Amino acid sequence: MTSRLLQRSLGSPDYDGIRQALRDDTSTPVISVRGLEVRVAVLPLFTHDGRQAVRVSSTEPLTHVLVGVDSGSGKDVTLLVPEVDAPRELTLECRDDAGVVGTARITVTPQRKWSVFVVHHSHLDIGYTDPQGTVLRHHLDYLDSALRLAEETASWPDDAKFRWTVESSMPALKWLDARPKEMVDSFAELARAGLIEVTALPFQLHTEACSTEELHRQLRFIAQLEQRHGFTTKSAMHTDVPGAVVGLVDALSQAGVRYLAAAHNWAGRSVPYLHGGDKLTRPFRWRAPSGNEIIVWFTDTPHGMAYMEGNTVGLTDSYELADDLLPRYLSALSTRGYPYGPGTFGWQGPDAPKEPYELDVLHLRVQGAHADNAGPSIVPASIARRWNEQWAFPRLRSAVNSDFFEHVEEHYHDRLSVHEGDWTDWWADGLGSGARPLGYVRRAQSALRVAETLHTLAGVDATEQIDAAYDKVALFNEHTWGAANPWEDAEEGGDSGGLQWTRKSSGAYSAQDDASDLLHAATRRFAAALSERGTEGGALASFAVFNPATWARTDVVRAFLPRDVVGADVPIALVDSRTGQTLPHHEELVDPADWPTRPIGRHVHAVVPDIPGYGYARIDVVPGQAQAPEPVELDLDGVIENEFYRVAYDVREGYLSSIFDKRAGRELINGEAAAGFGQYVYDQYATAPHFNHLSGHVGAHDRTLLGDRAIGRNATVKEVRRTAVGEKLVVELQGKGVDWIRTTIELHNGVPRLDLTYQLAKQGTPAKEAVFLAFPFAAGKATAWELTGGVGGPDVARVPGSAEYMLPIRHWIAFEDPALSIAWATLEAPLVQLGTIHMPYAPFPPTLDEEDGTVYSWALNNIWDTNFPTQQQGETTFRYAVTSSTEATGVRLGAAAAAGLCEPFVGVLVTDSPDVSETYASVDHPDVLITSLGHDGVVRLQSLAAEPVRATVTMPGFEPAEASLPAYGVAVVRGTRQ
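Residues numbered from 1 in each chain as written. Predicted model: local features only at pLDDT ≥ 70, side-chain atom pairs only at ≥ 80, totals over all residues. Heavy atoms only, no water.

> With reference to specific residues and values, describe helix α10 (residues 319–335).
A rise of 1.5 Å per residue sets the reference length of α10, with its 17 residues, at 24 Å; its end C-alpha atoms lie 24 Å apart and thus fit the reference within 8%. The element α10 is largely enclosed, with a buried count of 14 among its 17 residues. (Helix = DSSP H or I, 4+ residues; strand = E, 2+ residues; numbered from the N terminus. Expected span 1.5 Å × (residues − 1). Buried < 20%, exposed > 50% of the residue type's maximum accessible area, 1.4 Å probe, protein only.)

> I'd like a rundown of the environment of Pro840, residues and numbers included.
Position of Pro840 among the secondary structure elements: in the loop between β41 (831–834) and β42 (854–861). Considered as a pair, Pro840 and Leu574 are 266 residues apart in the sequence and their alpha carbons are 52 Å apart. The contacts of Pro840, once residues within four sequence positions are left out, are Arg269, Tyr685, Trp858 and Ile863. (Contact = heavy atoms within 4.5 Å.)

> Can you tell me about the sheet that holds strand β14 (residues 361–366), naming the residues and giving the values?
As summarised here, the arrangement of the three strands in space is β14-β7-β15, forming an open sheet in which the pairing is parallel. On the outer flanks of this sheet lie β14 and β15 (395–399), each paired with one strand and no other. Strand after strand, the sheet turns through a mean of 25° between neighbouring axes, direction not considered. Across the sheet, α10 is in contact with β7 (115–120), β14 and β15; its angle to β14 comes to roughly 130°. Across the face of the sheet, helix α11 (residues 379–390) comes into contact with β7, β14 and β15 while running at roughly 150° to β15. (Pairing = 2+ DSSP bridges. Axes fitted to C-alpha atoms, helices over the stretch in contact; angles between N-to-C directions.)

> Before we move on, can you summarise the pattern of salt bridges with the specific residues and values?
All chains considered together, the criterion is met by 57 salt bridges. With a shortest N-O distance of 2.9 Å, Asp158 and Arg397 are connected by a salt bridge. Within this pair, whereas Asp158 is found in the loop between α3 (132–152) and β8 (164–166), its partner Arg397 is found in strand β15, the two being separated by 239 residues in sequence. (Salt bridge = Lys/Arg side-chain N within 4 Å of Asp/Glu carboxyl O.)

> Tell me about the nonpolar core, and please be specific about residues and values.
Phe187, Trp286, Leu656, Leu756, Phe775, Phe777 and Trp824 are the most contacted members of the largest nonpolar core, which totals 111 residues. A total of eight residues in this core trace back to one element, the largest contributor, which is α3. Discounting chain neighbours no more than four positions away, the residues touching Phe187 are Leu143, Leu147, Ala172, Trp175, Leu176, Ile196, Val198 and Phe231. Val441, Trp481, Phe772 and Met806 belong to the second-largest nonpolar core, a separate cluster that totals 52 residues. (Core = buried A, V, L, I, M, F, W, Y, C linked by side-chain atoms within 4.5 Å.)

> Any details on the packing of helix α13 (residues 435–457) against helix α15 (residues 497–533)? Residues and values, ideally.
It is the contact of α13 with α15, at a shortest axis distance of 8 Å, that shows an interaxial angle of 25°. If you check the angle between α13 and α15, you find them roughly parallel. As for how α13 packs across α15, the hand of that crossing is left-handed. Its residues placed into classes, the contact of α13 with α15 shows 20 nonpolar, four polar and two charged. (Parallel < 35°, antiparallel > 145°, perpendicular 65-115°, else oblique. Left-handed = near helix turned anticlockwise from the far one by under 90°. Nonpolar A, V, L, I, M, F, W, Y, C, P; charged D, E, K, R; others polar.)

> Give a description of the sheet that holds strand β49 (residues 949–954) that names residues and reports values.
The strand order across the open sheet built from three strands is β46-β49-β50, with neighbouring strands paired in antiparallel fashion. Two strands lie at the open edges of the sheet, namely β46 (922–923) and β50 (961–965), each paired on one side alone. Looking at chain direction, β49 and β50 are connected through five bridges and run antiparallel. Bridge pairing in β50 links Ala951 to Ala963.

> An account of helix α8 (residues 247–254) is needed here, citing residue identities and associated values.
Summarising burial for α8: six of the eight residues are buried, a large majority. Three or more residues of α8 are buried, namely Gly247, Leu248, Val249, Asp250, Ala251 and Leu252. Buried residues in α8 make contact with α6 (212–217), β10 (235–240), β11 (259–264), β12 (284–287) and β13 (293–300). Where α8 terminates, the next one or two residues include Gly256, which has phi positive at roughly 85°.

> Explain the packing of aromatic side chains to me, using residue names and the numbers behind them.
For the structure shown, the criterion picks out 42 aromatic pairs. Judged by centre distance (5.5 Å) and plane angle (75°), the ring pair of Phe284 and Trp423 falls under edge-to-face. With Phe284 in strand β12 and Trp423 in the loop between β16 (417–420) and α13, the pair connects residues that are 139 residues apart, well separated along the chain. Cluster of aromatic residues (ring-pair linked, three or more members): Trp114, Phe117, Tyr259, Trp297, Tyr357, Phe404 and Phe405. Sitting over the ring of Tyr440, Arg443 keeps its end group 4.6 Å from the ring centre. (Phe/Tyr/Trp six-rings, centres within 6.5 Å; stacked < 30°, edge-to-face > 60°. Lys NZ or Arg CZ within 6 Å of the ring centre and 35° of its normal.)

> Pulling in residues and values, what's your account of unusual backbone geometry?
With the exception of glycine, most residues fall at negative phi, and the peptide bonds are largely trans. The omega torsion of the bond from Arg282 to Pro283 falls at -20°, within 30 degrees of zero and hence cis. One non-glycine residue, Asp240, adopts positive backbone phi at about 90°. Overall, the relative accessible area of 5% leaves Asp240 in the buried class. Positive phi outside glycine occurs at Phe844, with the angle close to 65°. Examined against the element boundaries, Phe844 turns out to sit in the loop between β41 and β42.

> Break down the pairing of strand β22 (residues 601–611) for me, with residues and values.
Across the 11 residues that make up β22, a large majority, eight, are buried. Relative to β22, strand β18 (residues 553–562) runs antiparallel, the two sharing nine bridges. Across the sheet, the residue bridging to Pro562 is Gly601, located in β22. Of the strand pairs in this sheet, strand β21 (residues 585–590) and β22 are connected by six bridges, and their pairing is antiparallel. Bridge pairing in β22 links Leu589 to Arg602.

> Residues and numbers for the side chain of Ser913, please.
With respect to the secondary-structure elements, Ser913 resides in the loop between β44 (906–910) and β45 (917–919). A relative accessible area of 15% places Ser913 in the buried class. Leave out the neighbours within four places in its chain, and Ser913 touches Gly534, Thr535, Gly537, Ser542 and Arg618.

By themselves, these observations are geometric and do not establish any function.
Here it is in structure tokens:
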């Protein structure tokens, strides 16, 4: 089979096919005789002496004559005519040795005079093309080359000088730490001169996987670079990933970054043109609810393979190829919505109309080779030099990223469209491909906030260690989660899937370990600081129970009492030192006969009422009258309850049949829904594994490719018991794709929240699969949900073309009607689909009738065929919470549910008796959250309000600090000591 046959069979053209399509689409056949064809293109090419170009191509060499104007011989010639300001008709004669072959009347039309900013960069995939370490070392080598090339072209005309944009700042930061001073000084001088630009994002992120605090911290180096090296960071690049969270606008703005160049790789999985993407103009102003905005330039696949558009038109190959293709590209941009027609890229092509590009200035990315992780090349600058000698327009400028934006801001700012809201990522479904390590990372994000706060309260500055742990977390959230062919296990190249995923996942586990270590150290330091201030008391020991959430709450605490502090056989009671009331508690003994490798003692569980937000209450351990009561085994009828809820589990069906809110007198579950509450749903698709980018070749307009759908069956009640702190039900089921499914349902006395834990013993398979857990609520449509750095909802604006069939949320979704608010929260699994389950292939049709109120947690999948892991296995945990209220708004209730799930009480053992209670920070606005406390009076805030608010933060020893928070925005205040 020839390559031509393969191309036509598979529908994935190479560069030659793409380029020929551009030639064909930008020229008109004017003569066709005896198998000979002549085509003409009027192009935006202007000479320095005021003439413009007409390109003539023929299938055989001919002499082409624009009668009375110009002539040329060959198969491809450029004829020049005086510049026109109105259409002008001319006669074209085409001759061979025998005479005139044919004639045609052609119209020469006025053309735009373009300015093209050629932005040379390398797209950083930390992995994908090679193991991660190899890739990063190459990128450091590229910066060595960039310095040499800048020196080599220092005497060239300014527009042609070699310029280099560091797409992701991480290699630059590593390079600056690893090179001699003279090289660092040279780099800084080039950066100050505008020949090198370091952009803002450390690497290309799935921003929806980031916590808000993490996203902001990843930009902290911007101020460091200016302080240490004297150059500023003005712009960011977001490459490959087709979407970003609304919180990115605020994070960039607060870091002083005003510009973002995005390049969206559709990879066959994105269909923005079916969801308003045809209305998204270039460039545009992206505005957050806060009012912050940045100027965005974006390219996508039909503009030239996303970030390869400059390569596609020859700017990395040769002057001759660029001279042929670039004017055609510009002509196409000015006359049609996309420069390449539907089908040019084989497995995708927009069907919706789009207005032609309206400006005469263009941002054109180019890489040194036709590949990700390609190094710098002298070729683009060399082409620009020769081009500008030959042509007056289009004018090519070798530019850094911000050069284009500064030009646009100066000349076109008020003409730019404004778009608001989340730009939901079409690739977010890939987050489900590494469910277990992703869960560890999300736990680490929560633990790090608490660890920093407790270190701060202990008087310890742990900023450096916290930042380092956040950096590990962010590396897992970097967009390349595996090799080009992740099912392979070679030692180098794009087949090094096993090596790459081992490093990627181990980084997640290491990040969670670091977060746990920091939290472990923070609790001991906090305890020591409290003990130093305490006095000897009559208690055997005491716990300071800390609430790391903003609002006061009643919740369960789990704390460890070592045997060497109080003997395991000594009966104890827990006394709330604030009231003198004894708190019922439950004990779980760590017996050395069972666990000789773990600390010996007892885990103490108790519900502690009304602990202030960002404060603690002291709980004293005193001698008891008798040992703590043993758990009471309950009937196996599947019913548990507390004073707020009665929960029933249908053992025959394998899901919760009722969550009855006793206060509201209302059932929370939609019993008529297609799926049961908490039901395990396993989908398998009739698509084959181990085909690179297979999902890009697959279209699903119905349920044909849904090969199988199964649910959890054969439920067995393993445990139903009541302890002094509440009731618990444990059920095990069997299901396809797993060895077993364990569901743990818990209600705690005095806590208005239902906790659900699902543990799956996942079997690994390369077969295409997905796991959902269904949560059908007796409610209308969801009214709000948490995003990274914002709040979404059905009536909240999104950037046109955003993904709609799925939502990558942070932690909570709220439902609200006049009588009741309901909130659902997730810890490990961020992906949800609302109302139905969609096919995972474009255009993502639903597989079930739409149901208002149903949340499908998309716990895991392996539907990607490149970049992400192709299978996953092992025991994996997913935790959820449900709560309801007749008083709280949906947004506040959502935040409360997430706090109970993600920010549990911390019980620290103190040796002496500090004050009975203390509050370290409070805020006076009910929609403002304190997310963490930093060193030296730093308080980080986040607003849940849809409008700007003012809030006052109060901390002992500091003057009250006022903060202005934008809508759904964040702020940092620093207290002034009294």
